[in-house]
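Examination of the molecular architecture
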Amino acid sequence: MFISFFPRPRLFFASFVLWSLFCIAFWYGVARGLGPSLSLGGLVGFGYPEALGPEVEEAARAALAEAQSRAAGFWFYQYFLFVIALFVGGWMWLSPHPWARWSVAGSALIFFVNWFLVQLDVMINEWFGTFYDMIQTALGAPDSVEAGDYYWQIVAFLRIALVYVFFGTLFRFFVSHFIFRWRTAMNAYYMAQWQKLRHIEGAAQRVQEDTMRFASITESLGISLLDSVMTLIAFLPLLWGLSAHVKELPIIGEVSQGLVFVAILWSVLGTALVAVAGVRLPGLEFRNQRVEAAYRKELVYGEDYADRAQPPTVRALFDDVRRNYFRLYLNYMYFNLVRIFYLQIGNLVPYIALGPSVIGGAITLGVMQQIIRAFTRVENSFQYLVNSWTTIVELMSIYKRLKAFEASIKGEPLPDIDRHYLERRQGDVAPEPGS
């Protein structure tokens with residue numbers, strides 16, 4: 001599943017995590033302060049400005065701070081691209097692989113673009129604060145806001161949003177090709193071993209369909225996880241800073257940085273609840289794949305052999321399908337009840353937490369909007385398992401099916417469920433009702 005596309009998968013992903021942690025630590029410890037001497041921003045209008053004297057007006061100081069922020073941001077992207085290039089070049093040189101351009105370089109591109117999109121989201125969050133403060137001022141004092149300023153803020157949002165849409169669309173286009181390349185690699189890998197695999201139940205379906213679904217779901221979950229981690233890195237410090245405006249929480253009273261702890265505790269609670277409610281789903285989904293495959297295979301045999309797909313056999317196989325679906329429906333019913341109730345109540349959590357601050361007039365409308373958006377981003381990032389549980393369940397069922405291929409290729413014993421099917425097919429044991 002992985003070795004067909006990635007070079008030395010275990011080492012590759014482990015090195016990615018370790019390299020990321022090292023680069024983050026090096027940035028905050030050393031590299032961030034090297035921008036004025038190493039940045040190439042001066043060549044394209046993003047150079048570090050010179051310091052101003054103490055007699056300079058406030059407007060000039062604000063312009064200086066903005067220029068420094070732009071220069072620091074440009075220096076960060078130079079650093080980011082450099083460490084990514086080192087990682088990609090190192091792997092492509094030390095461990096050549098036929099699919100390295102897609103698996104190594106393509107993954108690096110996905111990583112970089114994902115961070116860029118998160119930064120655009122941060123910019124939108126800052127815009128919300130400025131815009132809604134302007135709305136509050138305009139509604140509180142008529143004609144206090146110039147029409148040009150109001151419409152310029154809308155234009156500013158459109159500039160950010162259009163860039164987000166443009167790069168987001170190109171990003172999804174690239175990811176679609178990335179997924180198909182992964183599927184192609186798995187397909188070629190399995191078909192090269194077809195004589196070892198053809199005896200496994202539903203082998204054709206596993207090569208044709210499960211490889212596609214595995215690549216698609218794994219990439220989707222991987223990008224979601226990456227997005228969650230990057231969103232936490234970007235929004236958690238932002239929420240921490242905004243929490244300074246909130247001095248008091250309901251029931252608890254005065255507390256420092258309370259919003260951050262509310263987001264973490266609420267997310268941990270939800271993850272635990274959903275995990276308990278959905279603990280049986282992976283096994284049921286895997287069994288569902290199996291009974292559907294057995295039913296479909298008997299019907300296919302019935303197209304070519306008159307003695308196959310007889311009514312009693314088909315009825316028994318379809319009874320297995322119906323029984324498993326009914327179990328799935330029941331388990332998904334209480335799983336969805338827990339999950340949806342939790343998510344709906346979660347929409348109100350930031351408003352409840354902000355209650356004392358809103359009632360006491362301690363924050364502006366713009367700050368409130370920034371806090372709610374930042375809180376929601378942080379909360380959703382911590383709720384990765386809650387939001388992805390059904391997809392993870394589907395992936396686990398596909399993984400179990402493809403795992404039998406891996407066992408056959410390596411000459412290892414098949415999983416119990418596949419070994420039992422093979423024995424039945426070879427006539428070693430009699431079919432069992434409901435099996």
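Residues numbered from 1 in each chain as written. Predicted model: local features only at pLDDT ≥ 70, side-chain atom pairs only at ≥ 80, totals over all residues. Heavy atoms only, no water.

1. Quick word on the packing of aromatic side chains
Summed over the entire model, instances satisfying the criterion amount to 45 aromatic pairs. Ring plane angle 90 degrees and centroid distance 5.3 Å describe the contact between W127 and F128, whose orientation is recorded as edge-to-face. Given a relative accessible area of 11%, W127 falls into the buried group. On the basis of relative accessibility, which here comes to 17%, the residue F128 falls in the buried class. Aromatic side chains W266 and Y342 sit 4.8 Å apart centroid to centroid with 20 degrees between the ring planes, which places their arrangement in the stacked category. (Phe/Tyr/Trp six-rings, centres within 6.5 Å; stacked < 30°, edge-to-face > 60°. Buried < 20%, exposed > 50% of the residue type's maximum accessible area, 1.4 Å probe, protein only.)

2. So, the side chain of N331
Looking at the element boundaries, N331 is found in helix α10 (residues 311-346). Apart from the residues lying within four places of it in its own chain, the contact partners of N331 are R280, L281 and L284. (Helix = DSSP H or I, 4+ residues; strand = E, 2+ residues; numbered from the N terminus. Contact = heavy atoms within 4.5 Å.)

3. Digging into the UniProt feature "transmembrane region" (unreviewed entry) in the protein chain
Per the UniProt record, "transmembrane region" (unreviewed entry) is annotated on residues 12-30, 74-94, 99-118, 150-175, 221-240, 260-281, 325-342 and 348-368. Taken end to end, residues 74-94 comprises 100% helix and 0% strand; its first and last C-alpha atoms sit 30 Å apart. The span residues 325-342 is 100% helical and 0% strand by assignment, and the distance between its end C-alpha atoms comes to 25 Å. (UniProt positions renumbered as here; feature names shortened; annotations may be inferred.)

4. Let's talk about the nonpolar core
W182, F214, L259 and L354 are the most contacted members of the largest nonpolar core, which has 89 residues in total. Broken down by element, the residue count for this core peaks at 17 residues, all from helix α4 (residues 100-140). Dropping the residues within four chain positions of it, L354 is found in contact with V246, L259, I363, M368, I371 and I372. Membership of the second largest hydrophobic core comes to five residues, among which are Y295, V314, L317 and V321. (Core = buried A, V, L, I, M, F, W, Y, C linked by side-chain atoms within 4.5 Å.)

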